[in-house]
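Spelled out, the chains give:
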Amino acid sequence: MDEGRPLTALVIGSSDGIGRALVRRLSTGRYRVISVSRRALEATGVEHHVLDAASEGFRDELARVLGERAVDLCVYCAGVGELFDPTDLSMDARAARVNFVGLVDAAAAVIPAMVRRNAGHFIGLSSIGDGVSPEAPAYGATKAGASAYLEGLALALRPKGVFVSNVRFGFVDTKMAKSPVKPMMISVDAAVDALERVIARRPMVLSVPKPMSWLVGVLQGLLRARLWVG
Ligand SMILES: NC(=O)c1ccc[n+]([C@@H]2O[C@H](COP(=O)([O-])OP(=O)(O)OC[C@H]3O[C@@H](n4cnc5c(N)ncnc54)[C@H](OP(=O)(O)O)[C@@H]3O)[C@@H](O)[C@H]2O)c1
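Scoring rules and cut-offs
- Residues numbered from 1 in each chain as written.
- Predicted model: local features only at pLDDT ≥ 70, side-chain atom pairs only at ≥ 80, totals over all residues.
- Heavy atoms only, no water.
- Patch = residues over 30% accessible without salt bridge, like charges linked within 9 Å, V, L, I, M, F, W, Y side chains within 5 Å.
- Areas by Shrake-Rupley, 256 points an atom, 1.4 Å probe, with all protein chains shown as cover.
- Salt bridge = Lys/Arg side-chain N within 4 Å of Asp/Glu carboxyl O.
- Helix = DSSP H or I, 4+ residues; strand = E, 2+ residues; numbered from the N terminus.
- Pairing = 2+ DSSP bridges.
- Axes fitted to C-alpha atoms, helices over the stretch in contact; angles between N-to-C directions.
- Parallel < 35°, antiparallel > 145°, perpendicular 65-115°, else oblique.
- Left-handed = near helix turned anticlockwise from the far one by under 90°.
- Contact = heavy atoms within 4.5 Å.
- Nonpolar A, V, L, I, M, F, W, Y, C, P; charged D, E, K, R; others polar.
- Expected span 1.5 Å × (residues − 1).
- Near = heavy atom within 4 Å.
- Polar contact = N/O pair within 3.5 Å; in protein donor to acceptor, adjacent residues only side chain to side chain.
- 1 Å grid on protein atoms, 1.4 Å probe; cavity = no way out; pocket = protein on both sides within 12 Å on 5 of 7 lines; lining within 4 Å.
- Points joined across faces, edges and corners; volume = space filled by probe spheres on them.
- Buried < 20%, exposed > 50% of the residue type's maximum accessible area, 1.4 Å probe, protein only.
- Core = buried A, V, L, I, M, F, W, Y, C linked by side-chain atoms within 4.5 Å.

Draft legend 1. Up close: a nonpolar patch on the surface. Residues Met184, Leu215, Val218, Leu219 and Leu222 make up a contiguous nonpolar surface patch of roughly 460 Å² in combined accessible area. Position of Leu219 relative to the elements: it lies in helix 6 (residues 210-229).

What follows is the structure in structure tokens.
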């Protein structure tokens, strides 16, 4: 990477929550930020594009927005999550499209050019809740898919000079955190601090906070045992 030129960061899912705070943080540093979300951003001076990550043409629209520009860093923050309502599963397919298919489309739009340059960093925001979840089955399943995809990419692309990171947060204080109980919840600022560490160190996986990840790991083991017993 040429250390002298300004770096380009693409943040997807940037009109609210962690993505919005990350755009603010990155634009005050060395990055020229391209922001993408399904809603407009209030006046920020940042280049913003309104695109729906759940739409059929998302990958091509994103590629059109980028044109020939090299992306050094892409952070996929778009996500939706609803608690389970057994009388209405209509949001589940949308969760699959935003949390998983949109992530895959974003990777398809930016990673081949990173591989050609042997440089770049792709970060996806999965979740510590990336497993079996009776409270939010679609969210857990789509995040399990996201984690497996990101970690597979991380292993496949490291030899090509491209870094992929799976960031697994527990509860972060945004509109996404809908559970009635939110143990070990962190602030949006703390989440962005963690993302800055990921950008600097480029790990394949980071779970924050770690004790929450251990706790959920134990609960997943108990749920699996319950499934096997039948
Ligand atoms: N908050 C948590 O507790 C938590 C924990 C673990 C992981 N995460 C993950 O972290 C990521 C960011 O979550 P957050 O807490 O910042 O949530 P958030 O505050 O709801 O922000 C999500 C962002 O994604 C955008 N978005 C949603 N659907 C989209 C679509 N179809 N196309 C483009 N953009 C779309 C949202 O736009 P709108 O504002 O228009 O909805 C918003 O800008 C998500 O993937 C989430 O699953 C969050």
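That shown, we press on.
Draft legend 2. Geometry of the sheet that holds strand 6 (residues 163-169). A sheet is described by the order of its strands in space; here seven strands give the open sequence 3-2-1-4-5-6-7, paired in parallel fashion. A single partner strand is all that each edge strand has here, and the edge strands are strand 3 (47-50) and strand 7 (205-208). Averaged over all pairs of adjacent strands, the angle between their axes in this sheet comes to 15°, without regard to strand direction. Here strand 1 (residues 7-12) pairs with strand 2 (residues 31-37) via six bridges, running parallel. Across the sheet, Thr8 pairs through a bridge with Arg32, a residue of strand 2.

Draft legend 3. Quick look at the packing of helix 3 (residues 92-117) against helix 4 (residues 137-157). Contact geometry for helix 3 and helix 4: axes closest at 8 Å, N-to-C directions at 15°. Judged by the inter-axis angle, helix 3 sits roughly parallel to helix 4. Handedness of the crossing formed by helix 3 with helix 4: right-handed. From helix 3, Asp92, Ala95, Ala96, Asn99, Phe100, Leu103, Val104, Ala107, Ile111 and Val115 reach across to helix 4, where they touch Ala138, Tyr139, Thr142, Lys143, Gly145, Ala146, Tyr149, Leu150, Leu153 and Leu157. The residue makeup of the contact of helix 3 with helix 4, split by class, is 15 nonpolar, three polar and two charged.

Draft legend 4. The arrangement of helix 4 in detail. With 21 residues, helix 4 ought to run about 30 Å at 1.5 Å a step, and its terminal C-alpha atoms sit 30 Å apart, in line with that. Elements in contact with the buried residues of helix 4: helix 3, strand 5 (121-125) and strand 6.

Draft legend 5. View of the site of the ligand. Looking at the ligand, there are 32 residues lining it, with Arg38, Arg39, Tyr139, Gly170 and Thr174 nearest. With respect to the ligand, the backbone of Ile18 contributes an N or O atom lying 2.7 Å from an oxygen atom. Between an oxygen atom of the ligand and a side-chain N or O atom of Lys143, the distance comes to 2.9 Å. Elements with a contribution of two residues or more to the shell around the ligand: helix 1 (17-27), helix 3 and helix 4.

Draft legend 6. Layout of the layout of surface pockets. Empty space within the second largest pocket amounts to approximately 220 Å³. As for the second largest pocket, its lining consists of 15 residues, of which Gly67, Arg69, Ala109, Ala113 and Arg116 are closest to the centre. Of all the elements in the fold, those that place two or more residues in the lining of the second largest pocket are helix 2 (58-66) and helix 3. Looking at the lining of the second largest pocket element by element, the count peaks at eight residues for helix 3. For the lining of the second largest pocket, the residue count by class is 10 nonpolar, one polar and four charged.

Draft legend 7. Looking closely at the pattern of salt bridges. Counted under the stated rule, the structure contains 12 salt bridges. Between Asp16 and Arg39 there is a salt bridge, and its shortest N-O distance comes to 3.6 Å. Highlighted residues: Asp16 in the loop between strand 1 and helix 1 and Arg39 in the loop between strand 2 and strand 3, separated in sequence by 23 residues. Looking at Asp16, the relative accessible area reads 24%, which means it is partly exposed. As a salt-bridge pair, Arg59 and Asp60 come within 3.5 Å of each other at their nearest N and O atoms. Arg59 gets classed as partly exposed once you look at its relative accessible area, which sits at 39%. Given a relative accessible area of 42%, Asp60 falls into the partly exposed group.

Draft legend 8. Summary view of the nonpolar core. Counting residues in each nonpolar core, the largest one holds 34 residues, and the members touching the most others are Leu10, Ile12, Leu62 and Phe122. Counting only elements with at least two residues in this core, the list comes to strand 1, strand 2, helix 2, strand 4 (73-76), helix 3 and helix 4. With nine residues, helix 3 is the single largest residue contributor to this core. Setting aside chain neighbours within four positions, we find Ile12 in contact with Val36, Phe58, Leu62, Cys74, Val75, Tyr76, Cys77, Ala78 and Ala106.

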